[in-house]
2 protein chains.
Amino acid sequence: METRRAAFGTSVITPSNQLYVRNNLPAPDAAVLENRDAWTVSIEGVKSPRALSLAELKTLGIDTVATVLQCSGNGRGFFPSKPSGTPWTVGAAGCVVWSGVPLRNVVAALGGLVDGMAYVTGTGGEKLPEGVDPLTVLVERSVPLKAMDDALLAWEMNGEPLSLAHGGPLRLVVPGYQGVNNIKYVKRLAFTPAQSQARIMQHGYRMSPPGTKASPDQPSVWEMTVKSWINSPLPEQGPLKAGVAQIHGVAFGGMHAVKGVEVSVDGGKTWQAAQLVGPDLGRFAWRQFVLPVRLGAGTHVLASRATDMAGNVQPQQREENVGGYNNASWNDHAVTVTVVTWHGLPRAWAVGGLTLLAGASVAADPAEIARGKLLFTTLQPACAVCHTLQAAGAEGQIGPVLDELKPDADRVLRALRNGIGVMPSYAEKISPQDMQALARFVAQATGAASP
Amino acid sequence: METRRAAFGTSVITPSNQLYVRNNLPAPDAAVLENRDAWTVSIEGVKSPRALSLAELKTLGIDTVATVLQCSGNGRGFFPSKPSGTPWTVGAAGCVVWSGVPLRNVVAALGGLVDGMAYVTGTGGEKLPEGVDPLTVLVERSVPLKAMDDALLAWEMNGEPLSLAHGGPLRLVVPGYQGVNNIKYVKRLAFTPAQSQARIMQHGYRMSPPGTKASPDQPSVWEMTVKSWINSPLPEQGPLKAGVAQIHGVAFGGMHAVKGVEVSVDGGKTWQAAQLVGPDLGRFAWRQFVLPVRLGAGTHVLASRATDMAGNVQPQQREENVGGYNNASWNDHAVTVTVVTWHGLPRAWAVGGLTLLAGASVAADPAEIARGKLLFTTLQPACAVCHTLQAAGAEGQIGPVLDELKPDADRVLRALRNGIGVMPSYAEKISPQDMQALARFVAQATGAASP
């Protein structure tokens, strides 16, 4: 599952039930959650290697960290090359709060690291299919040793025991690193001199230039980079009313806190500084940004561009790669919204019930049809902004093409009176006579009028 | 509903589905959530008073704030006077993230305040029972005007549209103020020269000294004060294993950020500084605190005491009052835990399966019974620590009273072998012969032995 872009909300935290889920292999049986404290993880590459139960880990310390958890394929859907893998746009990411024991506490409790170790290698407890070499499927990833400073062995997410879907009973959380490095159901945590030999490490999740095969000499999908996107307004929310809109979205810096976010309403030609709002949950969390803008009728390309504390600026273009990883392009994440001018009261206030002068079945006269045609393009908002109707020279792309829908006059009247979908009611905007004229014009123009 | 003390977790945020729910009147019909944007709130006491729809509020600004939401009766269960009302202990509180429009933006958009206003008065949209004077039941509360600076009209909690149970579509959130002032389904927001005349304001939620009747001259239940409590370990989690325990809990300052938390393991005789861990969500949120302590066998009274940035220290004693409000006493919130010494491997590692030398039905000899009696009080942990058994002079209060349970030898053996509930397995601690001796002694002592 993924989070709908419009559902990210503005409360910083992504609810557990809305956080994306992505697994490379089937999860272990849910029975492992029956006695969470009995889960064990084998710690290797330390001076006193041993298995530790979750009950024991809980005695070694507790810390809490908020992180952006993001699938490295988030944004893959914007690659024109259509890489294999889920074509995520923005929904494979969330900001959640983890609790667990700092990995450095565990290392200290076991006598410290053995000399010469360069990687933290986590092995997942997923079910392995039978009859294949485990190394070809095992979920085992290595991250550079420095990641140990921030990593947790976490048993709780967003205030609840970690669910199986999100890696419970125990997950290796590596703040700032792409999702795949946050090993679920971690059963082995080894400090190693070299990277894991598992295929997912050697040949998976590599930044392979177009036309190449994945190989261990290419950069691995590790640290996230500075990125942001707008969550509202979005085109799927329907046309906006002209006036002030609050543009909001999320921004994160990967390894660094976000310094600022700029927003453009003209596709990147000009930029304005947005405001960072709400609580700052630390450098690995995302920030909410808001910018009120005044938008006139027409279409607007909205984009956001974040800068992190290290001075990195979110790039305009994605870095092309075979797997469709690490897409932070602000250009790809821009959205195009349509703004219309609505007069009268907002739709929510429209008073229902209206007595029309006559039913729509009474014969039309030519003057009424002409009036309807005029209204079609001059009303505020004009029907022509959203609808295509050849007879009116209208080519709107938002609502149904009336030449194809061929609504009869009653249907048009109902839509005008009550609104339908994103179309507002015109009941408080124009007279019943004008609604009737419009309805008759449309019905006649599309051939749906009564003979 | 309330949050179980052991379920608060350590992730700062209280999940929406675990947050306490407390209403003074029935909620409006859920139908009001069908078109959230159509909800209207009437704004009065401003220069251009008018009703605003939620859709309009959303154009006026967005901010996000994390607050402790706490029922003023949280802690009432500790009052020996047994005030009427739910006897909450700690479960009527949570820390959640709200999003909405700052109230000051709304005031600015409507021309500013009318002169002479001293209170922010919110009116809830609850269903009023018929046939009674509305003022006797209306949920309408006034808070001092200064609360406007931090207040939100909120439509989102923890990243999701606000549920009906928590006041959706729109709630007045007054950070730092007791729960009752955070008006649900707010339908009127008035700046007023005087406090509401509703009974809930005039005679409800007053700090009435013992023996008095509630009256408007007594302090209203408004600002929260500095408070903390321990969420783990708790007595209901069973006896602890001697060694290091991580004491953790939550602390908040009401109107001020938490400066620090001290923890005592001797009922308040001595105190140690705990560590504040995890993200700081701002001064109205709570902080997590953690202190690792080494606990030996015996009972320990664990207490926590917070200090806020203004120098206020959480008091030892509650302020007695008729309604049982505002209990911040660290003494009341202390917990008593039992610690036992367990030898051998932790229970999670106990190897299952054991071949006993003989079934428990074979006749016992006196030497074996004597051995069992000796083991009952000398084992580590001794049976006598937890169980009462007259024949052994044991008066433990943690597990079942064996004189009443009268388990037969097989039942005792099963418990020794596998553990049961909080009782650990002894399979890796003592020999099968000793388990058998114990089982036979207990069965004979309580009269449950085979003849």
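Asks: Summarise the overall build of chain A; cite the residues concerned and give the values.
Replies: Secondary structure summary: chain A contains nine helices and 21 strands in total. At 28 Å, chain A has a C-alpha radius of gyration far larger than the 22 Å of a compact globule built from 451 residues. Along the first, second and third principal axes, the C-alpha set of chain A runs to 95 × 45 × 45 Å. By the burial criterion, 54% of the 451 residues in chain A qualify as buried. By sequence separation, contacts in chain A at least 24 residues apart represent 71% of the contacts at least 6 residues apart. Split by element, the accessible area of chain A, about 18200 Å² in all, is 53% carbon and sulfur.

Asks: Outline the relation of the copies chain B and chain A, listing residues and values.
Replies: Laying chain B over chain A is done by rotating through 180 degrees and shifting 0.1 Å along the axis; what remains is an RMSD of 0.2 Å. Expressed as a symmetry operation, the mapping of one chain copy onto the other fits a two-fold axis. Judged by C-alpha distance, Leu281(B) is the residue of chain B that lies nearest the rotation axis, at 3.1 Å. By residue overlap, the copies meet face to face through one surface: 100% of the interface positions of chain B are interface positions in chain A.

Asks: Residues and numbers for the sheet that holds strand 16 (residues 275–277) of chain A, please.
Replies: All names here are of chain A. The four strands lie next to each other as 11-13-17-16, forming an open sheet whose pairing is antiparallel. Looking at strand neighbours, the two that pair on one side only are strand 11 (227–232) and strand 16, the edges of this open sheet. In this sheet, adjacent strand axes meet at a mean angle of 35 degrees when their direction is disregarded. Sheet topology places strand 11 next to strand 13 (residues 243–252); five bridges connect them, and they run antiparallel. Each bridged residue has a counterpart across the sheet, and for lysine 227 the counterpart in strand 13 is phenylalanine 252.

Asks: Help me get a handle on the pattern of salt bridges, residues and values and all.
Replies: Residues and elements named next belong to chain B. Enumeration according to the criterion identifies 26 salt bridges over all chains in this entry. Across the pair aspartate 150 and arginine 283 runs a salt bridge whose closest N-O atoms are separated by 3.4 Å. Remark: arginine 283 occurs in the loop between strand 16 (275–277) and strand 17 (287–295) and aspartate 150 occurs in the loop between strand 6 (140–144) and strand 7 (152–157); sequence separation between them is 133 residues. You can call arginine 283 partly exposed: its relative accessible area is 39%. Where arginine 318 meets glutamate 320, a salt bridge forms, and the shortest distance between an N and an O atom there is 2.4 Å. Accessibility expressed as a relative area gives 16% for arginine 318, which makes it buried.

Asks: Could you give me a rundown of the interface of chain B and chain A, with the residues and numbers involved?
Replies: At the junction of the two partners, chain B supplies 47 residues and chain A supplies 47 residues. Taken together, the two surfaces of chain B and chain A that pack against each other cover about 3100 Å², and 57% of this comes from carbon and sulfur. Applying the counting rule to chain B against chain A returns zero salt bridges. Summed over the shared surface of chain B and chain A, the number is 18 residue pairs in polar contact (both at pLDDT 80 or more). Of all the secondary-structure elements, those providing two or more residues to the side of chain B that touches chain A are strand 2 (50–53), strand 3 (63–70), strand 4 (93–102), strand 7 and strand 13 (243–252) of chain B. For the side of chain B that touches chain A, a count of residues per class yields 23 nonpolar, 16 polar and eight charged.

Conventions used here
- Residues numbered from 1 in each chain as written.
- Chains lettered and ligands numbered in written order.
- Predicted model: local features only at pLDDT ≥ 70, side-chain atom pairs only at ≥ 80, totals over all residues.
- Heavy atoms only, no water.
- Helix = DSSP H or I, 4+ residues; strand = E, 2+ residues; numbered from the N terminus.
- Rg over C-alpha atoms; globule rule 2.2 N^0.38 Å.
- Buried < 20%, exposed > 50% of the residue type's maximum accessible area, 1.4 Å probe, protein only.
- Contact = heavy atoms within 4.5 Å.
- Areas by Shrake-Rupley, 256 points an atom, 1.4 Å probe, with all protein chains shown as cover.
- Least-squares fit on C-alpha atoms with pLDDT ≥ 70 in both.
- Pairing = 2+ DSSP bridges.
- Axes fitted to C-alpha atoms, helices over the stretch in contact; angles between N-to-C directions.
- Salt bridge = Lys/Arg side-chain N within 4 Å of Asp/Glu carboxyl O.
- Buried area = accessible area lost by both parts, 1.4 Å probe.
- Polar contact = N/O pair within 3.5 Å; in protein donor to acceptor, adjacent residues only side chain to side chain.
- Nonpolar A, V, L, I, M, F, W, Y, C, P; charged D, E, K, R; others polar.

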